[in-house]
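For reference, the chains in residue letters:
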Amino acid sequence: MSKRSLLTTAIVLAGGAFFAPVYAQEAAAATNNSVAQWSIITAGFALAIASGLAALAQGRAVASATEAIARNPGAAGDIRGSLLIGLVLMESLAIYVLLISLILFFLYPFGR
Amino acid sequence: MAAEGSALDHPLLIVDAVNATLGPVVLKIGEAIGYEFQKPAAPIPNYMVMVGLITLIITAIGLFIRSRLSVEHPGRFQIVLEDGILAVKGLLEQWIGPKGPQFMPLVFTLGIFILMGNYMGLVPGLMAPTSSINVTLGCALTIWVYYHYQGLRAQGVGPYLMHFAAPPGVPLLLAPIMLPIELISHLSRVMSLSIRLFGNVFGEELVIAILFSIIPFLVPLPMMLLGLVTGGLQAFIFMLLSIIYLQGAVAVEHHHDEHGHDAPHGHAAPAAA
């Protein structure tokens, strides 16, 4: 993704965040607690960002692992082992964010 | 996390039966030691019943296969079990060296326990005990205490504690910053082990439950297949990480004799968090 399109996306997202309170007020029928509303929005964004970045990183790991296996098929077992460990460690970082999001969604730490 | 568990709690026949029979005994024990249960009607939580079930199944299988062990005419089940044990033994020898297989009992049992625990979530009438943070935290704390104990036993108290301040290859000058970093990274291993397993199994269950509430007919099947894959993978990864932590604790002593690197044979340990 080129630098310019990345910058454009970032500006659009940031601009959209300024209009979020409008939607929050429309959708919030039962709750007036703005901290609770913001926590739900934050949880959604956090999960999206974490999943996207984790997928990018895992893609790079798989790419270099397959390249290494293609270059040296005899070491395929070792490479596959390292690949698996690396993938699971990256996956667990996204799982941490999932847990925080679940807490924000279901346990209402900031009220309802 | 109790409220998260109750989001997916549904009454299970086995749990109700066990609570009906053993519940009063547990209540009496609780009274004797002065512990108040949150739900006196069902003092045994559902994950404890599942853990007990896993223990009973493993014991039964072990006793059964032990009565039929044979060298000349091994049965099919014995061959499968021997394959599994040899695979874990190979993993231990590959990572830790010739002293590896002495750690096999706990590591292999943990792997089998977590594997069965993950797969019990897909059986109707049972729940996955590893979908509760209590069980996964128990597994993580067990392996944490175990590898520290093995490290203390292998290297002695003094040298083992010195390795926190000055890991091999790091000059003593950096000890003041290495010590907090090492302490935090060791403590974070407990959190990462338990939360990785819990998050994977519980998240999988949550997705399947949500899909069931939307379209119960055929749509949850691919997610359950994914549950099979991630269940096996998470059990293998828990076992592999235990082996890596054991290597970090036990195998460092050889580096004085060899060429100054961490591992005596095979792989160098990655800085697994």
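Keep in mind that this is a model prediction, so the values were computed, not measured.

Within chain B, the secondary structure is distributed over nine helices and zero strands. Counting from the amino terminus, helix and strand elements in chain B follow one another as α-α-α-α-α-α-α-α-α. Per-residue burial over chain B gives 28% buried out of 273 residues. Sequence-distant contacts in chain B: of pairs separated by 6 or more residues, those separated by 24 or more amount to 61%.

A few words now on the overall build of chain A. If you tally the helices and strands in chain A, you get four helices and zero strands. Along chain A, helices and strands appear, N-terminal first, in the series α-α-α-α. A buried classification covers 8% of the 112 residues belonging to chain A. For chain A, restricting intrachain contacts to residue pairs at least 6 apart in sequence, the fraction spanning at least 24 positions comes to 74%.

What follows is about the domain arrangement of chain B. All names here are of chain B. Considered domain by domain, chain B is made up of domain 1 (1-44) and domain 2 (54-256). In this structure, domain 1 and domain 2 have C-alpha centres spaced 28 Å apart. Across the boundary between the two partners, domain 1 contributes six residues, which contact eight residues of domain 2. Every element with two or more residues in the side of domain 1 that touches domain 2 is listed here: helix 1 (2-8) and helix 2 (13-33).

This part is about the nonpolar core. Counting 49 residues, the largest nonpolar core has Met50(B), Leu92(B), Ile96(B), Phe238(B), Leu241(B), Ile243(B) and Leu246(B) as its most contacted members. Counting residues per element, the ones that place at least two in this core are helix 4 (76-106) of chain A together with helix 2, helix 3 (46-66), helix 4 (76-96), helix 5 (104-119), helix 6 (133-155), helix 8 (175-214) and helix 9 (220-250) of chain B. In terms of residue count, the dominant contributor to this core is helix 9 of chain B (twelve residues). Excluding residues that lie within four positions of it along the chain, Leu246(B) makes contacts with Ile96(B), Phe103(B), Tyr147(B) and Gln150(B).

Residues and elements named next belong to chain B. Between its terminal C-alpha atoms helix 4 stretches 30 Å, which fits the 30 Å expected from 21 residues at 1.5 Å a residue. Buried residues in helix 4 make contact with helix 5 and helix 9. Of the residues one or two after helix 4, Gly97 is the one with positive phi, at around 110°.

Let us look at the environment of Leu126(B). All names here are of chain B. Position of Leu126 relative to the elements: it lies in the loop between helix 5 and helix 6. What makes Leu126 partly exposed here is the crowd of 19 C-beta atoms within 10 Å. With 114 residues separating them in the primary sequence, Leu126 and Leu240 have C-alpha atoms 27 Å apart. Once you skip the residues sitting within four places of it in the chain, Leu126 turns out to touch Ile14, Met50 and Met120.

Residues and elements named next belong to chain B. In this model helix 6 runs 33 Å from its N-terminal to its C-terminal C-alpha over 23 residues, within 8% of the 33 Å that 1.5 Å per residue would give. Turning to helix 6, its buried residues are Ile133, Val135, Thr136, Cys139, Ala140, Ile143, Tyr147 and Gly151. Elements in contact with the buried residues of helix 6: helix 3, helix 5, helix 7 (157-165), helix 8 and helix 9. Just downstream of helix 6 lies Gly156, where phi reads positive at about 85°.

This part covers the confidence of the model for chain A. For chain A, the average pLDDT comes to 83, and 81% of its residues sit at 70 or higher. Between residues 19-29 of chain A, whose pLDDT stays under 50, and residues either more than four places distant or in other chains, the model counts three contacts.

If a residue is not glycine, its phi is most likely negative; likewise, a peptide bond is most likely trans. Residue and element names in this part refer to chain A. Of note, Tyr108 is a non-glycine position whose phi angle comes to about 45°, a positive value. With respect to the helices and strands, Tyr108 occurs in the segment after helix 4. What makes Tyr108 partly exposed here is the crowd of 15 C-beta atoms within 10 Å.

Residues and elements named next belong to chain B. Of the residues in chain B, 89% have a pLDDT of 70 or more, and the chain-wide mean is 86. When mean pLDDT is taken per element in chain B, helix 5 scores highest with 95 and helix 1 scores lowest with 51. Here residues 1-5 is modelled with pLDDT under 50, and outside its nearest four sequence neighbours on either side it reaches six contacts, counting other chains as well. In this model, residues 255-269 is a region of pLDDT below 50 whose contacts with residues beyond four sequence positions or in other chains number 24 contacts. The ipTM assigned to the predicted complex is 0.73, against a pTM of 0.81.

Residues and elements named next belong to chain B. Between helix 6 and helix 8, the least distance of the axes is 8 Å, while the angle of their chain directions is 145°. The interaxial crossing formed by helix 6 with helix 8 has right-handed handedness. Counting all contacts with helix 6, which are made through Ile133, Thr136, Leu137, Ala140, Leu141, Ile143 and Trp144, the residues of helix 8 involved are Arg189, Val190, Leu193, Ser194, Leu197 and Phe198. Here the contact of helix 6 with helix 8 is built from residues that sort into ten nonpolar, two polar and one charged.

Criteria and thresholds
Residues numbered from 1 in each chain as written. Chains lettered and ligands numbered in written order. Predicted model: local features only at pLDDT ≥ 70, side-chain atom pairs only at ≥ 80, totals over all residues. Helix = DSSP H or I, 4+ residues; strand = E, 2+ residues; numbered from the N terminus. Buried ≥ 20, exposed ≤ 12 C-beta atoms within 10 Å, placed from the backbone. Contact = placed C-beta atoms within 7 Å. Domains from an automatic or database assignment. Core = buried A, V, L, I, M, F, W, Y, C linked by C-beta atoms within 7 Å. Expected span 1.5 Å × (residues − 1). pLDDT = per-residue confidence, 0-100. Axes fitted to C-alpha atoms, helices over the stretch in contact; angles between N-to-C directions. Left-handed = near helix turned anticlockwise from the far one by under 90°. Nonpolar A, V, L, I, M, F, W, Y, C, P; charged D, E, K, R; others polar.

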